[in-house]
Each structure stands twice: as structure tokens, then as C-alpha cells.
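Take a look at the letters that make up each chain.
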Amino acid sequence: AQSVAQPEDQVNVAEGNPLTVKCTYSVSGNPYLFWYVQYPNRGLQFLLKYITGDNLVKGSYGFEAEFNKSQTSFHLKKPSALVSDSALYFCAVREQSGYSTLTFGKGTMLLVSP
Amino acid sequence: EAGVTQSPTHLIKTRGQQATLRCSPISGHTSVYWYQQALGLGLQFLLWYDEGEERNRGNFPPRFSGRQFPNYSSELNVNALELEDSALYLCASSLRGRNQETQYFGPGTRLLVL
């Protein structure tokens, strides 16, 4: 079975500071990894994904994530946070083989203060 | 390009009734996924349809069912509604049924069971 852990329910950061939202995963095979963001009363918006190749993935709105196979992690980062980045962030994993499904972490609320 | 659309946006039902939720995927997408986002439970996978076939099913009782039409739109039916079915139901679509394809989400249908 596959699973995702987002160890922090909430991350607080000041505007202009770097931010990190942590994610670790567990799959029996090789993973595809995704980050999504959800604003209040909205659906999920895709930020970025890791499929293969370069471990550093760049995505929308200046976000990036680093795939670390040995630590089974896929942390989301941004060099300089904006107040408008405040939202709920979800990490998700999907096994590469078979009719696997996308499994989400429970989400991390990011609050960026002015 | 139009995104994933869902209808209705809100739905109020009473216990024991049936609910029907609809989803139209992005043009060209053949896979449709349904998720339940209940308060405190995170995002739970419900169903996956690809090319009209059910590819996978989450850990939900049989009263949750659905189908995909020839135009790739989809319907989620929930029979014998229970109070705990109150949630945001999200539909997503992807270009094909391959695991590395990004799922794009609709705005959701908020179901309230009284």
C-alpha cells in the first residue's frame, strides 16, 4: 500500500522568507510525486510533479520540490514567500505500475504573514 | 481552454435520499477520477473511469457508484445518503489513463446531508 505523510499541520512564515512544506512517501515500487494547492472553497490546483530525471522539479508560481529517493521525501520549497501563497498544500504519490491511484497526504496549511 | 466542470455546486439532501453529481472533463481527457474531501478526513479516492471502464475503486461502500459516458463525462451516484456523506466531492480528469499524467481538478460539489 502507498501512503503520504505531511508531518506539519501548519507552517508559518513571514513574507519574503523562504518556505518549506515537508512530504515523505511510501510505495512498493517507483513513485510519481505531485504537489497541489487548494484555496478556500476551491478545487485543487496542480503545482508540480516528479516523473523521472532531474531530482529538482520547478513548477508554477515559483515553487520547486526536490525528490530524494534515499529519504523518500519530496519537500516543497519557495525562495521568497508571498502573502498570496497562504493556502492548503497537498502532497500526493502514485505508483508507476498498474492501475494505481493517487494517494494524498492530509495537507499542510501554509500561513504567510505580511 | 475550459477546465473540469462540476454540477451542481451545492446539493442539499436528507438521509436516505439519492444524490447525483456530474463532471465534465477537460476536452481531450479520457480519464475521470472522483474524490471525497470530508472534514478531518482529507482527500479520499472514490472511483476512476477511463475509456468508459471502471479502472479502480476506493474503500467505499457499494452505494457509491458511477459511470462514464461516451463523451467521457461522468456521473457519481450516492444512494441511501447518510449524514457522514456530507463532504466536498471533487472530480479530476487526465489526458490518458497513464499513471504519470497530471490530474486536473474541478471546483467540486458540496453535498450536505441533513
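Above this note sits the structure.
Residues numbered from 1 in each chain as written. Chains lettered and ligands numbered in written order. Predicted model: local features only at pLDDT ≥ 70, side-chain atom pairs only at ≥ 80, totals over all residues. Heavy atoms only, no water.

> An account of the state of the cysteines is needed here, citing residue identities and associated values.
Between two cysteines, a covalent bond joining their sulfur atoms is known as a disulfide. By the definition in use, this model includes 2 disulfides over all chains. Between cysteine 23 of chain A and cysteine 91 of chain A runs a disulfide, and the two sulfur atoms are separated by 2.0 Å. Residues cysteine 23 of chain A and cysteine 91 of chain A are joined through a disulfide that is left-handed, its torsion about the S-S bond being -60 degrees. Residue cysteine 23 of chain A is located in the loop between strand 3 (19–21) and strand 4 (24–26), and its partner cysteine 91 of chain A is located in strand 10 (residues 87–95); the two are separated by 68 residues in the primary sequence. We note that cysteine 23 of chain A, like cysteine 91 of chain A, is buried. Each sulfur of the disulfide joining cysteine 23 of chain B and cysteine 91 of chain B lies 1.8 Å from the other. Taking the sign of the S-S torsion, -65 degrees for the link of cysteine 23 of chain B and cysteine 91 of chain B, the bridge is left-handed. Placement of cysteine 23 of chain B in strand 3 (residues 19–24) and of cysteine 91 of chain B in strand 9 (residues 87–94) is noted, with a sequence separation of 68 residues between them. Across this residue pair, the class does not change: cysteine 23 of chain B and cysteine 91 of chain B are buried. (Disulfide = S-S within 2.5 Å. Helix = DSSP H or I, 4+ residues; strand = E, 2+ residues; numbered from the N terminus. Buried < 20%, exposed > 50% of the residue type's maximum accessible area, 1.4 Å probe, protein only.)

> Now, about the sheet that holds strand 8 (residues 74–78) of chain B: what can you tell me, with residues and values included?
Consider a sheet: its strands pair through backbone hydrogen bonds, and that pairing is either parallel or antiparallel. Residue and element names in this part refer to chain B. Here we have 4 strands laid out as an open sheet, ordered 1-3-8-7, and antiparallel in their pairing. The sheet is open, and its two edges are formed by strand 1 (5–7) and strand 7 (64–68), each paired on a single side. Averaged over all pairs of adjacent strands, the angle between their axes in this sheet comes to 15 degrees, without regard to strand direction. Here strand 7 pairs with strand 8 via 5 bridges, running antiparallel. When the sheet's bridge partners are listed, glycine 66 is paired in strand 8 with leucine 76. (Pairing = 2+ DSSP bridges. Axes fitted to C-alpha atoms, helices over the stretch in contact; angles between N-to-C directions.)

> Which residues make up the pattern of salt bridges, and what values go with them?
All names here are of chain B. Applying the stated criterion to the full structure yields 10 salt bridges over all chains. A salt bridge links aspartate 50 to arginine 55; the nearest nitrogen and oxygen atoms lie 3.5 Å apart. Residue classification places arginine 55 among the partly exposed positions, given a relative accessible area of 25%. If you follow the salt bridges from partner to partner, you end up with Arg22, Arg67 and Glu75 in one network. (Salt bridge = Lys/Arg side-chain N within 4 Å of Asp/Glu carboxyl O.)

Without other data, these values stay purely geometric and don't point to any function.
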